Amino acid sequence: MATIHKGETKFYVGEDIRDPEAEITFVQSGSNRLVIDHTYVAKELRSQGIAQQLLEHVVQYARENDKYVIPLCPFAKKQMQKNEAYHDVLQKQYI
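A short tour of the structure in this document, coming up. (Residues numbered from 1 in each chain as written. Predicted model: local features only at pLDDT ≥ 70, side-chain atom pairs only at ≥ 80, totals over all residues. Heavy atoms only, no water.)

**Remarks on the nonpolar core**
At step 1: One finds Ile36, Leu54, Leu55 and Met80 to be the most contacted residues of the largest nonpolar core, which totals 27 residues.
At step 2: Secondary structure elements with two or more residues in this core: strand S2 (10-13), strand S3 (22-29), strand S4 (33-41), helix H1 (50-64), strand S5 (68-71) and helix H2 (74-82).
At step 3: Here this core takes seven residues from H1, the largest share from any one element. (Core = buried A, V, L, I, M, F, W, Y, C linked by side-chain atoms within 4.5 Å. Buried < 20%, exposed > 50% of the residue type's maximum accessible area, 1.4 Å probe, protein only. Helix = DSSP H or I, 4+ residues; strand = E, 2+ residues; numbered from the N terminus.)

**What about a negative patch on the surface?**
At step 1: A cluster of acidic residues, Glu15, Asp19, Glu21 and Glu44, forms a negative patch on the protein surface.
At step 2: Within the secondary structure layout, glutamate 44 lies in the loop between S4 and H1.
At step 3: Glutamate 44 sits in the exposed class, given a relative accessible area of 59%. (Patch = residues over 30% accessible without salt bridge, like charges linked within 9 Å, V, L, I, M, F, W, Y side chains within 5 Å. Areas by Shrake-Rupley, 256 points an atom, 1.4 Å probe, with all protein chains shown as cover. Salt bridge = Lys/Arg side-chain N within 4 Å of Asp/Glu carboxyl O. Lys, Arg positive; Asp, Glu negative; His and termini not counted. Charge placed at Lys NZ, Arg CZ, Asp CG, Glu CD.)

**Some words on the packing of aromatic side chains**
Aromatic ring pairs: the centre-centre distance and the angle between the two ring planes describe each pair.
At step 1: Counting across every chain of the model gives three aromatic pairs.
At step 2: Note on phenylalanine 11 and phenylalanine 26: the rings are 6.1 Å apart at their centroids and 35° apart in plane angle, and the pair reads as tilted. Of this pair, phenylalanine 11 sits in strand S2 while phenylalanine 26 is found in strand S3, placing the two residues 15 residues apart along the sequence.
At step 3: We classify phenylalanine 11 as buried; its relative accessible area is 5%.
At step 4: Members of the aromatic cluster, joined through ring pairs, are Phe11, Phe26 and Tyr61. (Phe/Tyr/Trp six-rings, centres within 6.5 Å; stacked < 30°, edge-to-face > 60°.)

**Concerning H2**
At step 1: Of the residues making up H2, those classed as buried are Ala76, Gln79 and Met80. Viewed end-on, H2 has its buried residues packed into an arc of 95°, placing them on one side of the element. In H2, the exposed positions angled more than 90 degrees off the buried face are occupied by Pro74, Lys78 and Lys82. (Arc of directions from axis to C-beta.)

**Focus on the pattern of salt bridges**
At step 1: Tallied over the entire structure, the rule returns three salt bridges.
At step 2: The partner of glutamate 23 in a salt bridge is lysine 10, with the nearest N and O atoms 2.7 Å apart. You can see glutamate 23 sitting in strand S3 and its partner lysine 10 sitting in strand S2, a full 13 residues away along the chain. Each of the two residues, glutamate 23 as well as lysine 10, counts as buried.
At step 3: In this structure, arginine 63 engages aspartate 88 in a salt bridge whose closest nitrogen and oxygen atoms are separated by 2.9 Å. Taken together, the residues arginine 63 in helix H1 and aspartate 88 in the segment after H2 connect sequence positions 25 residues apart.

**What to know about the pairing of S3**
At step 1: As judged from the four bridges shared by S2 and S3, these two strands associate in the antiparallel manner. Each bridged residue has a counterpart across the sheet, and for tyrosine 12 the counterpart in S3 is glutamate 23.
At step 2: The pairing of S3 with S4 spans eight bridges and is classified as antiparallel. Counted as the bridge partner of threonine 25 is histidine 38 from S4. (Pairing = 2+ DSSP bridges.)

Here you go:
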């Protein structure tokens, strides 16, 4: 399992926040929404479930801070729509 760090607008894997090995980024929209706009995993780390782990961190962060998630990133959108465990934080029009 990769060590996941939190930046101000991302969760990431790697030692350098500016050049991570994997990341999921989001922006605050209004007072109660997070927009996931990008997910990236370096080729050598793919097929290890790291993108899913990063998404889990955003979902947990949203729950802890009473926020909804708007998944604009195709990966996040697909995962959040198909996994009912995420629907509590998924902005309703995306379910």
